[in-house]
Amino acid sequence: MATDAHSIPAPPAGPVPFEDVKAGLATLLPEQDREEKKKELLSTLPSKTGAYTTGYCYKGFWLSELVVQGVAALEQRFQPRPDDVIVASLPKCGTTWTISLTVATMVRRAYPPTAADHPLRRLNPHQCLPFLEGLFAGGEEGMLDALPSPRLINTHMPLAFIPRATPLGNGGRGCKVVYVCREPKDMVVSLWHYIQRISPQTTFRQTFDSACDGTTPWGPFWDHFLGYWGASITCPDNVLFMWYEKMLREPIESVKRLARFVGQPFSAAEVEANIVRDIVELCSLENLKSMDANKTGHVNPHFKFPREALFRKGIAGDWKSHMTMEMACRIDDIMADKFRNTGLTFQ
Ligand code: PAP
């Protein structure tokens, strides 16, 4: 019997809003297996108890207990597809904004930015895509296999832990990584305000000292930045390096660059129809802040950061109202030392 092609529904094209599909994708490794593996690994790692969590140093990077749980599996087993887009960053460097812009750019055919049912109008941006290390930590990595391509994935992991994301670590075939970094002094200020929401006793000085000694979560910040910076130079088709400050100055150009990078450039007709401007407006701090989905709930079930804490001032230079000259010089000196001869600069 001849197959009627019209009766076969087309497979859903990605990226799909993760929150909408994740319940149907659930898979779990046996709890005991994960707990035992975690204990075994933790006992071998240097640790440091900070203000709201204990960090463990895994291959030079400081990870929380939860993240450590899945890091080895992630490193060994995460196999990106060539059309995956991974949004990577250190916390407080512009993750939520970059996720929003990437989601809005990549789903614009299914959901034009002015659509009333746009995922960013009903979900927190972080709910729109899976958090890579969260899935591996929870034994839920199988969910990734079930997602339609192109997949959009978020991570705070250093590039070293997703080695197959670039052609160098994957026999010549990488995926796409959009990395956003931020001037470290502002990153520290933003991190402190965020930590305060679950740990009000944490002082700015404590957060600052942790950043300077490299032990803030997923740090040291310099090694995190430099891993992706180096790859953006050697593999520019695979890693796009963005600066939060530059995105603030040039939002339209930044979104166009992002769209070209992920292989979905805006047509002249789309630009004419103000689609780029509409995406920038949809993802603006004020607009996202006003959405119900961003006013209630928590970012993740383990650390009870309120979602609304993801949206604060969103400016460059806030460090000036928090740091003494001595503090600012200390970070500037670290940057000068670590970034010397790398070409990485901040304006
Ligand atoms: P995360 O890594 O925990 O997701 P992340 O989104 O990287 O956090 O950082 C939050 C910062 O981005 C906040 O900066 P601030 O504390 O200096 O204000 C937040 O205000 C800012 N931010 C969030 N959304 C946007 C946006 N749409 N536009 C510009 N900045 C934003």
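Since the structure is predicted, the reported quantities are computational estimates derived from the model, not experimental observations.

### Focus on the overall build of the protein
Right, so step 1: Summing up its helical and strand segments, the protein has 17 helices and 7 strands in all.
Right, so step 2: For a compact globule of 347 residues, the expected C-alpha radius of gyration is about 20 Å, and the protein comes in at 20 Å, within 12% of that figure.
Right, so step 3: Overall, the protein is about 75 × 50 × 40 Å in size when its C-alpha atoms are taken along their principal axes.
Right, so step 4: A separation of at least 24 residues holds for 72% of the contacts in the protein among residues at least 6 apart in sequence.

### Considering the layout of surface pockets
Right, so step 1: Within this model, the second largest pocket holds a volume of roughly 290 Å³.
Right, so step 2: Lining the second largest pocket are 16 residues; nearest its centre among them are K37, Q69, G70, A72 and A73.
Right, so step 3: Where the lining of the second largest pocket is concerned, the elements lending two or more residues are helix 2 (31–42), helix 3 (65–77) and helix 6 (132–137).
Right, so step 4: Residue composition of the lining of the second largest pocket, by class: 6 nonpolar, 3 polar and 7 charged.

### Concerning the site of the ligand
Right, so step 1: The environment of the ligand is formed by 21 residues, the closest being T95, T96, S190, K313 and G314.
Right, so step 2: Measuring from an oxygen atom of the ligand, one finds a side-chain N or O atom of T95 at 2.7 Å.
Right, so step 3: Between an oxygen atom of the ligand and a main-chain N or O atom of K313, the distance comes to 2.7 Å.
Right, so step 4: Surface burial for the ligand is 97%, taken as the share of its 640 Å² of free accessible area covered by protein chains.
Right, so step 5: Contributing elements (two or more residues each) for the shell around the ligand: helix 4 (95–106) and helix 15 (285–289).

### Some thoughts on the side chain of R108
Right, so step 1: Here R108 lies in the loop between helix 4 and helix 5 (119–122).
Right, so step 2: One polar contact links the side chain of R108 to the main-chain carbonyl oxygen of T105, over a distance of 3.0 Å.
Right, so step 3: Among the polar contacts made by the side chain of R108, one reaches the main-chain carbonyl oxygen of P265 at a distance of 3.1 Å.
Right, so step 4: When sequence neighbours within four positions are dropped, the list of residues in contact with R108 reads Q264, P265, F266, E270, I275 and I279.

### Examining the side chain of S89
Right, so step 1: Tracing the sequence through the fold places S89 in strand 4 (residues 85–89).
Right, so step 2: A residue is classified by how much of its surface remains accessible, and S89, at 0% relative accessible area, is buried.
Right, so step 3: Here the side chain of S89 touches T95 through a polar contact of 2.8 Å, side chain to side chain.
Right, so step 4: Every residue in contact with S89, bar those within four places of it in the chain, is listed here: T95, T155, H156, Y179, V180 and H224.

### Observations regarding the sheet that holds strand 6 (residues 176–181)
Right, so step 1: Taking strand neighbours across the sheet as the criterion, the 4 strands line up as 5-4-6-7 in an open arrangement whose pairing is parallel. The open sheet has two free edges, formed respectively by strand 5 (152–155) and strand 7 (239–243), since each of these has just one partner strand. Direction aside, the axes of adjacent strands within the sheet are offset by 20 degrees on average.
Right, so step 2: Relative to strand 7, strand 6 runs parallel, the two sharing 5 bridges. Bridge assignment links V180 to a residue of strand 7, and that residue is M242.
Right, so step 3: Relative to strand 4, helix 4 is tilted by about 165 degrees, and along the sheet it contacts strand 4, strand 5 and strand 6.

### Observations regarding the sheet that holds strand 1 (residues 47–49)
Right, so step 1: Pairing is antiparallel in the open sheet, where 3 strands are placed in the order 1-2-3. Either end of the sheet is taken by a strand with one partner, and the two such strands are strand 1 and strand 3 (61–64). For this sheet, the mean inter-axis angle between neighbouring strands, taken without regard to orientation, is 30 degrees.
Right, so step 2: As paired strands, strand 2 (residues 54–58) and strand 3 are joined by 4 bridges and run antiparallel to one another.

### Description of the packing of helix 9 (residues 204–212) against helix 17 (residues 325–339)
Right, so step 1: Orientation of helix 9 relative to helix 17, taken along the N-to-C sense of each, is 15 degrees, at an axis distance of 11 Å. On the basis of their axis angle, the class for helix 9 and helix 17 is roughly parallel. Viewed along their axes, helix 9 and helix 17 form a crossing whose handedness is left-handed. Here F204, R205, F208, D209 and C212 of helix 9 come into contact with helix 17, specifically with E326, M327, R330, I331 and I334.
Right, so step 2: Grouping the amino acids of the contact of helix 9 with helix 17 by side-chain chemistry returns 6 nonpolar, no polar and 4 charged.

Basis of the calculations
- Residues numbered from 1 in each chain as written.
- Predicted model: local features only at pLDDT ≥ 70, side-chain atom pairs only at ≥ 80, totals over all residues.
- Heavy atoms only, no water.
- Helix = DSSP H or I, 4+ residues; strand = E, 2+ residues; numbered from the N terminus.
- Rg over C-alpha atoms; globule rule 2.2 N^0.38 Å.
- Contact = heavy atoms within 4.5 Å.
- 1 Å grid on protein atoms, 1.4 Å probe; cavity = no way out; pocket = protein on both sides within 12 Å on 5 of 7 lines; lining within 4 Å.
- Points joined across faces, edges and corners; volume = space filled by probe spheres on them.
- Nonpolar A, V, L, I, M, F, W, Y, C, P; charged D, E, K, R; others polar.
- Near = heavy atom within 4 Å.
- Polar contact = N/O pair within 3.5 Å; in protein donor to acceptor, adjacent residues only side chain to side chain.
- Areas by Shrake-Rupley, 256 points an atom, 1.4 Å probe, with all protein chains shown as cover.
- Buried < 20%, exposed > 50% of the residue type's maximum accessible area, 1.4 Å probe, protein only.
- Pairing = 2+ DSSP bridges.
- Axes fitted to C-alpha atoms, helices over the stretch in contact; angles between N-to-C directions.
- Parallel < 35°, antiparallel > 145°, perpendicular 65-115°, else oblique.
- Left-handed = near helix turned anticlockwise from the far one by under 90°.

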